[in-house]
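Each chain, written out:
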Amino acid sequence: GAGVSQTPSNKVTEKGKYVELRCDPISGHTALYWYRQSLGQGPEFLIYFQGTGAADDSGLPNDRFFAVRPEGSVSTLKIQRTERGDSAVYLCASSFNSAAGSNTQYFGPGTRLTVL
Amino acid sequence: AQTVTQSQPEMSVQEAETVTLSCTYDTSESDYYLFWYKQPPSRQMILVIRQEAYKQQNATENRFSVNFQKAAKSFSLKISDSQLGDAAMYFCAYRSGYAKSQKLVFGQGTRLTINP
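Residues numbered from 1 in each chain as written. Chains lettered and ligands numbered in written order. Predicted model: local features only at pLDDT ≥ 70, side-chain atom pairs only at ≥ 80, totals over all residues. Heavy atoms only, no water.

Asks: Residues and numbers for the overall build of chain B, please.
Replies: Across its full length, chain B carries 0 helices and 12 strands. Its helices and strands taken in sequence order, chain B reads β-β-β-β-β-β-β-β-β-β-β-β from the N to the C terminus. In terms of overall dimensions, chain B has C-alpha extents of about 45 × 30 × 20 Å along its principal axes. Evaluated residue by residue, chain B yields a buried proportion of 47% over its 116 residues. Within chain B, residue pairs in contact and separated by at least 24 positions form 56% of the contacts whose partners lie at least 6 positions apart. Entry remark: accessible area of chain B is about 5700 Å², with carbon and sulfur atoms responsible for 45%. (Helix = DSSP H or I, 4+ residues; strand = E, 2+ residues; numbered from the N terminus. Buried < 20%, exposed > 50% of the residue type's maximum accessible area, 1.4 Å probe, protein only. Contact = heavy atoms within 4.5 Å. Areas by Shrake-Rupley, 256 points an atom, 1.4 Å probe, with all protein chains shown as cover.)

Written as structure tokens, this is what we have:
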């Protein structure tokens, strides 16, 4: 079946603008995760959803970042008033029921966000 | 908070030889999972191997194996018979075994180069 998909692949925006990044998880995966990867670093956790609800949003850096998953499938990461420091690759991952065992997180190809 | 450290920013190996990538982690938890992910230039994180902390036996997946030393909090990856396609960034990651916390905590990564 299809893997995790993310759109757009690349996004260039200007400082202060609003952006939306989309993630389409693997069909049947109830858990969805967002990570941010700065250049030369490992990914850092932002938020994870179990179904429609955000089970852990402790990684969101500030209130400019928000994510939704209204129907328990597709998720959108929203960034308001973008800053140059937001430039990074945003990775999405999904898994089966995150509460059970060593559920593997399957990653998408990421969206590279560049804030000019 | 848990931390993961990869002390080798770069490693290189001759094709067909064996290479070991190092990873140490810090946690006070007894139930957790450890992972090695590969990230080629395409950006997509691919699971290489995983280890449950409660298992004493080291995980193996074809040419990939781990040396899991729980007391030392060490989790190294051995790649045997290295192939050109193994060239990538490799990330070590930790996940708590407690249901509430499902995020992956990543190390800084090791860039592996395969010399033909």
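Asks: Describe the nonpolar core, listing the residues and the values that go with them.
Replies: Soluble globular proteins tend to bury their nonpolar side chains together. In this structure, B:Tyr25, B:Trp36, B:Phe75, B:Leu77 and B:Tyr90 are the most contacted members of the largest nonpolar core, which totals 26 residues. Among the secondary structure elements, those contributing two or more residues to this core are β3 (19-21), β5 (32-39), β6 (46-52), β8 (64-69), β9 (74-79), β10 (88-96) and β12 (110-115) of chain B. At 4 residues, β10(B) tops the list of elements feeding residues into this core. Core analysis: the second largest hydrophobic core is formed by 20 residues, A:Val4, A:Ile26, A:Phe65 and A:Ala88 among them. (Core = buried A, V, L, I, M, F, W, Y, C linked by side-chain atoms within 4.5 Å.)

Asks: Describe the pairing of β10(B), listing the residues and the values that go with them.
Replies: All names here are of chain B. For β10, the buried fraction is high: 9 of the 9 residues fall into the buried class. In this structure, β5 lies alongside β10, joined through 8 bridges in antiparallel fashion. Within β10, the position partnered with Leu-34 by the bridge is Tyr-94. Relative to β12, β10 runs antiparallel, the two being bridged by 3 bridges. Bridge assignment links Tyr-90 to a residue of β12, and that residue is Thr-110. (Pairing = 2+ DSSP bridges.)

Asks: Report on the state of the cysteines, specifying residues and quantitative values.
Replies: Scanning all chains against the criterion turns up 2 disulfides over all chains. With a sulfur-sulfur separation of 1.8 Å, A:Cys23 is cross-linked through a disulfide to A:Cys92. Of note, the bridge from A:Cys23 to A:Cys92 carries an S-S torsion of about -70 degrees and is left-handed in sense. Here A:Cys23 is found in strand β3 (residues 19-24), whereas its partner A:Cys92 is found in strand β9 (residues 88-95), with 69 residues between them in sequence. B:Cys23 shares a disulfide with B:Cys92; S-S distance 2.0 Å. Because the sign of the S-S torsion sets the handedness, a value of about -70 degrees for the bond joining B:Cys23 and B:Cys92 places this disulfide among the left-handed ones. (Disulfide = S-S within 2.5 Å.)

Asks: Please provide a residue-by-residue account of the interface of chain A and chain B, values included.
Replies: Bring the parts together and some accessible area is lost; that lost area is often taken as the interface size. Taken together, the 27 residues of chain A in the interface contact 21 residues of chain B. Interface of chain A and chain B: buried area, both sides summed, is about 1900 Å²; carbon and sulfur atoms make up 48% of it. For the pair chain A and chain B, the interface holds 9 residue pairs in polar contact (both at pLDDT 80 or more). Every element with two or more residues in the side of chain A that touches chain B is listed here: β4 (31-37), β5 (44-50), β9 and β11 (111-115) of chain A. For the side of chain A that touches chain B, the element with the highest residue contribution is β4(A), accounting for 3 residues. Its residues placed into classes, the side of chain A that touches chain B shows 10 nonpolar, 16 polar and 1 charged. (Buried area = accessible area lost by both parts, 1.4 Å probe. Polar contact = N/O pair within 3.5 Å; in protein donor to acceptor, adjacent residues only side chain to side chain. Nonpolar A, V, L, I, M, F, W, Y, C, P; charged D, E, K, R; others polar.)

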